[in-house]
Amino acid sequence: RGLTTGARGLTTGARSYDAVVVGGGVIGAACALELRRSGLTTISVDANPAPGYGSTSSSSSIIRVFYSLIDSCALAWEGYHAWKAWPEYLEARASDNLCSYRETGNLCFDVPASPGCQAYITNVKKAMETCGIPCETWTAEELHSRMPYLSMQSYYPPRRGDDANFGQANGTE
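What counts and how
Residues numbered from 1 in each chain as written. Predicted model: local features only at pLDDT ≥ 70, side-chain atom pairs only at ≥ 80, totals over all residues. Heavy atoms only, no water. Helix = DSSP H or I, 4+ residues; strand = E, 2+ residues; numbered from the N terminus. Rg over C-alpha atoms; globule rule 2.2 N^0.38 Å. Buried < 20%, exposed > 50% of the residue type's maximum accessible area, 1.4 Å probe, protein only. Patch = residues over 30% accessible without salt bridge, like charges linked within 9 Å, V, L, I, M, F, W, Y side chains within 5 Å. Areas by Shrake-Rupley, 256 points an atom, 1.4 Å probe, with all protein chains shown as cover. Salt bridge = Lys/Arg side-chain N within 4 Å of Asp/Glu carboxyl O. Disulfide = S-S within 2.5 Å. Core = buried A, V, L, I, M, F, W, Y, C linked by side-chain atoms within 4.5 Å. Contact = heavy atoms within 4.5 Å. Phe/Tyr/Trp six-rings, centres within 6.5 Å; stacked < 30°, edge-to-face > 60°. Lys NZ or Arg CZ within 6 Å of the ring centre and 35° of its normal. Expected span 1.5 Å × (residues − 1). Arc of directions from axis to C-beta.

1. Quick notes on the overall build of the protein chain
Then comes step 1: Looking only at helices and strands, the protein chain has 6 helices and 5 strands in total.
Then comes step 2: Element order for the protein chain, N to C, with α for helix and β for strand: β-β-β-β-α-β-α-α-α-α-α.
Then comes step 3: The C-alpha radius of gyration of the protein chain comes to 23 Å, more than 25% above the 16 Å expected for a compact globule of 173 residues.
Then comes step 4: Seen through its principal axes, the protein chain has C-alpha atoms that stretch 70 × 40 × 35 Å.
Then comes step 5: Residues classed as buried in the protein chain amount to 16% of the 173 residues present.

Right under this line is the structure:
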(Lines give C-alpha, C1' and ligand atoms only; values in the text may rest on other atoms or scores of the structure.)
Protein backbone atom coordinates (compact mmCIF):
# COMPACT_ATOMS: atom_id res chain seq x y z
CA ARG A 1 0.00 0.00 0.00
CA GLY A 2 1.20 3.46 -0.80
CA LEU A 3 1.08 6.49 1.45
CA THR A 4 -0.44 9.69 0.13
CA THR A 5 -1.16 13.06 1.66
CA GLY A 6 -4.59 14.58 1.50
CA ALA A 7 -6.65 17.40 2.98
CA ARG A 8 -6.80 15.61 6.35
CA GLY A 9 -3.18 14.52 6.43
CA LEU A 10 -1.84 11.07 5.63
CA THR A 11 -3.89 8.41 3.84
CA THR A 12 -3.07 4.70 3.69
CA GLY A 13 -5.50 2.74 1.59
CA ALA A 14 -8.97 3.47 3.00
CA ARG A 15 -7.80 5.09 6.26
CA SER A 16 -6.86 8.71 6.86
CA TYR A 17 -4.77 10.09 9.71
CA ASP A 18 -4.33 13.58 11.08
CA ALA A 19 -0.79 12.96 12.30
CA VAL A 20 2.08 10.59 11.76
CA VAL A 21 4.20 9.90 14.84
CA VAL A 22 7.71 8.75 13.97
CA GLY A 23 9.15 6.59 16.73
CA GLY A 24 7.52 4.07 19.04
CA GLY A 25 9.50 4.67 22.21
CA VAL A 26 8.30 6.38 25.35
CA ILE A 27 8.35 9.85 23.76
CA GLY A 28 6.67 8.80 20.50
CA ALA A 29 4.04 6.80 22.39
CA ALA A 30 3.32 9.75 24.71
CA CYS A 31 3.01 12.09 21.71
CA ALA A 32 0.60 9.68 20.00
CA LEU A 33 -1.45 9.36 23.19
CA GLU A 34 -1.74 13.14 23.64
CA LEU A 35 -2.65 13.68 19.98
CA ARG A 36 -5.32 10.98 20.22
CA ARG A 37 -6.68 12.46 23.44
CA SER A 38 -7.00 15.79 21.65
CA GLY A 39 -9.23 14.15 19.06
CA LEU A 40 -6.76 13.54 16.24
CA THR A 41 -6.30 10.21 14.51
CA THR A 42 -2.71 9.03 14.48
CA ILE A 43 -0.50 6.37 13.01
CA SER A 44 2.85 5.52 14.59
CA VAL A 45 5.73 4.25 12.50
CA ASP A 46 8.98 2.83 13.77
CA ALA A 47 11.79 0.83 12.21
CA ASN A 48 11.88 -1.50 15.22
CA PRO A 49 9.75 -4.64 15.65
CA ALA A 50 7.75 -3.43 18.69
CA PRO A 51 7.19 -0.34 20.85
CA GLY A 52 10.08 0.61 23.11
CA TYR A 53 12.80 -1.25 21.18
CA GLY A 54 14.80 1.83 20.14
CA SER A 55 16.64 4.28 22.35
CA THR A 56 14.00 3.79 25.06
CA SER A 57 15.20 0.23 25.60
CA SER A 58 18.82 1.39 25.84
CA SER A 59 18.26 4.24 28.27
CA SER A 60 19.49 4.19 31.83
CA SER A 61 15.93 4.84 33.01
CA ILE A 62 17.17 7.55 35.33
CA ILE A 63 14.98 10.55 35.96
CA ARG A 64 17.10 13.37 37.30
CA VAL A 65 16.49 17.04 37.95
CA PHE A 66 20.16 17.87 38.38
CA TYR A 67 20.86 20.34 35.57
CA SER A 68 22.83 23.57 35.42
CA LEU A 69 20.27 25.40 33.26
CA ILE A 70 17.00 26.59 34.78
CA ASP A 71 14.89 25.56 31.75
CA SER A 72 16.35 22.04 31.80
CA CYS A 73 15.77 21.79 35.55
CA ALA A 74 12.17 22.98 35.22
CA LEU A 75 11.41 20.53 32.40
CA ALA A 76 12.95 17.63 34.34
CA TRP A 77 11.03 18.60 37.50
CA GLU A 78 7.78 18.54 35.52
CA GLY A 79 8.75 15.13 34.10
CA TYR A 80 9.55 13.83 37.59
CA HIS A 81 6.00 14.60 38.71
CA ALA A 82 4.57 13.02 35.57
CA TRP A 83 6.46 9.79 36.24
CA LYS A 84 5.20 9.71 39.80
CA ALA A 85 1.65 9.85 38.41
CA TRP A 86 2.32 7.47 35.48
CA PRO A 87 -0.66 5.10 36.07
CA GLU A 88 -3.04 8.06 36.33
CA TYR A 89 -1.59 9.63 33.16
CA LEU A 90 -2.19 6.42 31.26
CA GLU A 91 -5.62 5.98 32.86
CA ALA A 92 -4.47 2.47 33.74
CA ARG A 93 -6.43 -0.10 35.68
CA ALA A 94 -5.02 -1.31 39.01
CA SER A 95 -4.50 -4.74 37.43
CA ASP A 96 -2.35 -3.38 34.57
CA ASN A 97 1.30 -4.43 34.70
CA LEU A 98 3.13 -1.11 34.29
CA CYS A 99 6.70 -0.02 34.77
CA SER A 100 7.27 1.37 38.23
CA TYR A 101 9.02 4.45 39.51
CA ARG A 102 11.56 4.03 42.30
CA GLU A 103 12.83 7.17 43.96
CA THR A 104 16.46 6.87 45.00
CA GLY A 105 17.77 10.43 45.29
CA ASN A 106 20.98 11.82 43.86
CA LEU A 107 24.40 12.60 45.29
CA CYS A 108 26.90 14.87 43.60
CA PHE A 109 30.38 15.67 44.85
CA ASP A 110 31.72 19.21 44.81
CA VAL A 111 35.45 18.80 44.22
CA PRO A 112 37.37 21.77 45.65
CA ALA A 113 40.38 21.09 43.42
CA SER A 114 38.24 21.54 40.30
CA PRO A 115 37.07 25.10 39.54
CA GLY A 116 34.98 23.74 36.66
CA CYS A 117 33.18 21.34 38.99
CA GLN A 118 32.58 24.09 41.53
CA ALA A 119 31.12 26.40 38.87
CA TYR A 120 28.85 23.61 37.61
CA ILE A 121 27.63 22.72 41.13
CA THR A 122 26.95 26.41 41.84
CA ASN A 123 24.83 26.66 38.68
CA VAL A 124 22.98 23.43 39.48
CA LYS A 125 22.13 24.58 43.01
CA LYS A 126 20.92 27.93 41.67
CA ALA A 127 18.73 26.26 39.03
CA MET A 128 17.27 23.79 41.53
CA GLU A 129 16.54 26.53 44.06
CA THR A 130 14.92 28.69 41.37
CA CYS A 131 12.64 25.78 40.42
CA GLY A 132 11.81 24.97 44.05
CA ILE A 133 13.47 21.56 43.89
CA PRO A 134 14.51 20.27 47.31
CA CYS A 135 18.24 19.75 47.72
CA GLU A 136 20.68 19.55 50.60
CA THR A 137 24.31 20.48 51.01
CA TRP A 138 26.33 18.18 53.26
CA THR A 139 29.74 18.83 54.77
CA ALA A 140 32.42 16.15 54.33
CA GLU A 141 31.82 15.10 57.95
CA GLU A 142 28.08 14.79 57.42
CA LEU A 143 28.62 12.78 54.24
CA HIS A 144 30.96 10.39 56.06
CA SER A 145 28.49 10.06 58.93
CA ARG A 146 25.52 9.36 56.66
CA MET A 147 27.35 7.21 54.11
CA PRO A 148 30.42 5.72 55.82
CA TYR A 149 30.91 3.19 53.03
CA LEU A 150 31.90 5.90 50.50
CA SER A 151 35.58 6.50 49.89
CA MET A 152 36.49 10.16 50.01
CA GLN A 153 39.93 9.45 48.60
CA SER A 154 41.04 10.96 45.32
CA TYR A 155 41.73 8.57 42.45
CA TYR A 156 42.99 11.28 40.11
CA PRO A 157 44.55 11.16 37.58
CA PRO A 158 42.54 8.68 35.54
CA ARG A 159 44.40 5.46 34.80
CA ARG A 160 43.96 2.72 32.25
CA GLY A 161 42.77 -0.68 33.44
CA ASP A 162 46.16 -2.22 32.64
CA ASP A 163 48.04 0.36 34.80
CA ALA A 164 49.53 -1.19 37.97
CA ASN A 165 48.04 1.73 39.99
CA PHE A 166 44.54 1.43 38.54
CA GLY A 167 41.97 1.70 41.34
CA GLN A 168 44.51 2.97 43.85
CA ALA A 169 43.85 6.19 45.78
CA ASN A 170 46.48 8.91 45.41
CA GLY A 171 46.56 9.64 49.16
CA THR A 172 44.54 12.87 49.19
CA GLU A 173 40.91 13.54 49.97
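2. Quick word on a nonpolar patch on the surface
Then comes step 1: Among the surface-exposed residues, Val20, Val22 and Val45 lie close enough to one another that they form a single nonpolar patch of about 260 Å² accessible area.
Then comes step 2: By the element assignment, Val45 lies in strand S5 (residues 42-45).

3. Observations regarding the pattern of salt bridges
Then comes step 1: For the structure on display, the rule yields 7 salt bridges.
Then comes step 2: Asp162 is the partner of Arg160 in a salt bridge, and the nearest nitrogen-oxygen pair spans 3.2 Å.
Then comes step 3: Taking the relative accessible area as the measure of exposure, Asp162 reaches 60% and is therefore exposed.
Then comes step 4: Taken together, the shared-partner salt bridges connect Glu34, Arg37 and Glu91 into one network.

4. Some thoughts on the state of the cysteines
Then comes step 1: Evaluated as defined, the whole model comprises 0 disulfides.
Then comes step 2: Looking at the unpaired Cys73, the closest cysteine sulfur is the one in Cys131, lying at 4.9 Å.
Then comes step 3: Note on Cys108: no disulfide assigned, nearest cysteine sulfur contributed by Cys117 at a separation of 5.9 Å.
Then comes step 4: For Cys108, a relative accessible area of 35% translates into the label partly exposed.

5. Overview of the nonpolar core
Then comes step 1: Ranked by size, the top nonpolar core spans 12 residues in total: Val65, Phe66, Cys73, Ala76, Tyr80, Cys117, Ile121, Val124, Ala127, Met128, Cys131 and Ile133.
Then comes step 2: Where this core is concerned, the elements lending two or more residues are helix H3 (70-84) and helix H5 (115-130).
Then comes step 3: Ranked by residues supplied to this core, first place goes to H5 with 5 residues.
Then comes step 4: Dropping the residues within four chain positions of it, Met128 is found in contact with Val65, Phe66, Cys73, Ile133, Pro134 and Cys135.

6. Some words on the packing of aromatic side chains
Then comes step 1: Tallying each qualifying case throughout the model produces 4 aromatic pairs.
Then comes step 2: Judged by centre distance (5.6 Å) and plane angle (25 degrees), the rings of Trp86 and Tyr89 are stacked. Here the residue Trp86 and the residue Tyr89 both occupy positions in helix H4 (residues 86-90), the gap between them amounting to 3 residues, near one helical turn.
Then comes step 3: Overall, the relative accessible area of 17% leaves Trp86 in the buried class.
Then comes step 4: Site record: aromatic cluster; members linked through ring pairs are Trp83, Trp86 and Tyr89.
Then comes step 5: Over the aromatic face of Tyr89 sits the side chain of Arg37, whose NZ or CZ is 5.0 Å from the ring centroid.
Then comes step 6: Over the ring of Tyr67 we find Arg64, and its NZ or CZ is 3.9 Å from the ring centre.

7. Observations regarding unusual backbone geometry
Then comes step 1: Positive phi, normally seen in glycine, also occurs at Glu91, with a value near 55 degrees.
Then comes step 2: With respect to the helices and strands, the residue Glu91 is situated in the loop between H4 and H5.
Then comes step 3: Given the relative accessible area of 63%, Glu91 is considered exposed.

8. Considerations on H3
Then comes step 1: Over its 15 residues, H3 runs 21 Å from end to end, which matches the ideal 21 Å to within 8%, given 1.5 Å per residue.
Then comes step 2: Taken as a whole, H3 has its buried residues at Cys73, Ala76 and Tyr80. One side of H3 carries all its buried residues, which in axial view fall inside an arc of 65 degrees. Exposed and facing more than 90 degrees away from the buried side of H3 are Asp71, Leu75 and Glu78.
Then comes step 3: Here the buried face of H3 lies against H5.

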